[in-house]
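# Notes for the structure review
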Amino acid sequence: MTGTRPVLLSGIAPSGRLTLGNYLGAIRNWVARQDDCESYFPLVDLHAITVRQDPATFAGRCRDFVALYVACGVDPERSAVFVQSHVAEHCELAWILQCLTQMGELNRMTQFKEKRRRHADNVNAGLFTYPVLMAADILLYQATLVPVGDDQRQHLELTRDLAQRFNHLYGPLFALPEALVPESGARIMALQDPTRKMSKSDPAETNVIALLDPPDAIRRKIQRAVTDSGSEIVARPDKPGISNLLNMLSASTGESVAALEARYRGHGYGQLKRDVADAVVALIEPIQRRFAAIRADTAALDRLLASGAERSRARARVTLAAVRERIGLLPG
């Protein structure tokens, strides 16, 4: 890491199970940027505990997610792969930024409103201040590129606002991060409700293709995926089910949606679904084989995480020391 390349940061909370959508919309794009960016890929475990977790299950899932990062092609030699809670500077910067954040700004966060509705029995302060911790994750590494979906754009805007507010009050320090939206594969939708994004926390198994699903389960889910009225295989707003299958096939094979529409002219939905299933299985099976080998060596996985945390902490300490000096905190 030379410090001369753009700094990219992206993380996933270890809740639910990593999906085909996470891979095609996020992780695969991380892998593609490793050589031209100084990359940080934290597993953001502190974000996940805004929802109650079973401790034993949670610890295992955290290792599963990291092993999948690597199995998907994230290279710990080229990128910093680490667990958020292993770098304490995230929490310290988050507290400082909370003191610059207005209650009204957090009240306007649409994700908080949605999560408050879904977790009505556990509307905790962490859920409310979640976007500030996300801002700390980004600003701690002076990230200039942040891959985000539509549901995270509001949080990134808050991050930019907080960076500008700090810079105005205490002098220029933070870079302003920009959203990085991939050109393709960015939005894989739920199989049974293709009007909404495939979610790793979706309680309905039939909506989601998990990266660790067995091939027969993947085929079964795709065969049962919702389609649309009519028989034309085209990607159009009034055909969300077929559009989703075409996008999935395009992202899995690299063939454009337009080319697929031409190829399937005159064919039925059944043929399309069989081909999508074959393509997805072919894409996921090598990932599953690599995952099995990585996950089997817990000690090596933990060494990888320790190395990633040490690398990340070195960068984080520089930023946090500058923040502390600017706001007048005594050196420790």
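All of the points below concern the structure found in this document. Bear in mind the structure is a predicted one, so any value in this text is a computation, not a measurement.

What follows covers the overall build of the protein. Along the backbone of the protein there are 13 helices and 5 strands. A globule of 332 residues ought to have a C-alpha radius of gyration of about 20 Å, and the protein, at 21 Å, matches this closely. Its C-alpha atoms give the protein principal-axis dimensions of about 70 × 45 × 40 Å. Classification of the 332 residues of the protein by burial places 49% in the buried group. A fraction of 77% describes how many contacts in the protein between residues 6 or more apart in sequence connect residues 24 or more apart.

Looking now at the pairing of strand β2 (residues 38-43). For β2, the buried fraction is high: 6 of the 6 residues fall into the buried class. Where burial is concerned, the two faces of β2 agree: the one with Glu-38, Tyr-40 and Pro-42 and the one with Ser-39, Phe-41 and Leu-43 are both buried. Where strand β1 (residues 7-9) meets β2, 3 bridges bridge the pair, whose relative direction is parallel. For Val-7, the partnering residue across the bridge sits in β2 and is Glu-38. Handedness of the crossover is the feature at issue here: the chain leaves β1, passes through helix α1 (residues 20-32), returns alongside β2, and the resulting connection is right-handed. Inspection of the sheet shows β2 paired to strand β3 (residues 79-83) by 5 bridges, in the parallel sense. Pairing of Tyr-40 across the sheet is with Ala-80, part of β3.

Moving on: the nonpolar core. Ranked by size, the top nonpolar core spans 61 residues in total, and within it Ile-27, Tyr-69, Ile-209, Leu-272 and Val-280 carry the most contacts. Elements with a minimum of two residues in this core: α1, β2, α3 (55-71), β3, α9 (215-223), α10 (240-253), α12 (269-295) and α13 (298-327). Ranked by residue count, the leading element in this core is α12, at 11 residues. The residues contacting Ile-27, other than those within four sequence positions of it, are Ile-12, Leu-18, Asn-22, Tyr-69, Cys-72 and Val-74. Met-109, Ile-138, Leu-158 and Phe-166 belong to the second largest nonpolar core, which has 40 residues in total.

Below, the discussion takes up the pairing of β3. Most of β3 sits inside the fold, with 5 of its 5 residues counted as buried. Both faces of β3 are covered, namely the face carrying Ser-79, Val-81 and Val-83 and the face carrying Ala-80 and Phe-82.

In this model, Gln-142 sits at a positive phi of 55°, which is unusual for a non-glycine residue. Considering the arrangement of structural elements, one finds Gln-142 in the loop between α7 (125-139) and β4 (145-147).

With that settled, the discussion passes to the packing of α1 against α12. At a closest axis distance of 12 Å, the pairing of α1 and α12 adopts a crossing angle of 70°. Regarding the angle of α1 to α12, the classification is roughly perpendicular. Side by side, α1 and α12 meet where Leu-20, Tyr-23, Leu-24 and Arg-28 of the first sit next to Val-280, Leu-283, Ile-284 and Ile-287 of the second. Class assignment of the residues belonging to the contact of α1 with α12 gives a composition of 7 nonpolar, no polar and 1 charged.

What follows is about the pattern of salt bridges. The tally for this structure, following the rule as stated, stands at 20 salt bridges. Ionic pairing is found between Arg-78 and Asp-75, a salt bridge with its closest N-O pair at 3.1 Å. It is possible to trace a salt-bridge network through shared partners that takes in Arg-17, Glu-205, Asp-213 and Lys-221.

Another aspect to go through is the packing of aromatic side chains. Across all of its chains, the model carries 6 aromatic pairs by this definition. Seen in terms of ring centroids, Trp-30 and Tyr-69 are 5.1 Å apart; in terms of plane orientation they differ by 90°. Their pairing is edge-to-face. Linking Trp-30 in helix α1 with Tyr-69 in helix α3, this pair joins segments that are 39 residues apart in sequence. Owing to a relative accessible area of 1%, Trp-30 belongs among the buried residues under this scheme. Of the residues examined, Tyr-69 reaches a relative accessible area of 0% and is grouped as buried.

Scoring rules and cut-offs
- Residues numbered from 1 in each chain as written.
- Predicted model: local features only at pLDDT ≥ 70, side-chain atom pairs only at ≥ 80, totals over all residues.
- Heavy atoms only, no water.
- Helix = DSSP H or I, 4+ residues; strand = E, 2+ residues; numbered from the N terminus.
- Rg over C-alpha atoms; globule rule 2.2 N^0.38 Å.
- Buried < 20%, exposed > 50% of the residue type's maximum accessible area, 1.4 Å probe, protein only.
- Contact = heavy atoms within 4.5 Å.
- Pairing = 2+ DSSP bridges.
- Right-handed = clockwise from strand over helix to strand, strands pointing away.
- Core = buried A, V, L, I, M, F, W, Y, C linked by side-chain atoms within 4.5 Å.
- Axes fitted to C-alpha atoms, helices over the stretch in contact; angles between N-to-C directions.
- Parallel < 35°, antiparallel > 145°, perpendicular 65-115°, else oblique.
- Nonpolar A, V, L, I, M, F, W, Y, C, P; charged D, E, K, R; others polar.
- Salt bridge = Lys/Arg side-chain N within 4 Å of Asp/Glu carboxyl O.
- Phe/Tyr/Trp six-rings, centres within 6.5 Å; stacked < 30°, edge-to-face > 60°.

From the geometry alone we can't say anything about function, so treat these as descriptive.
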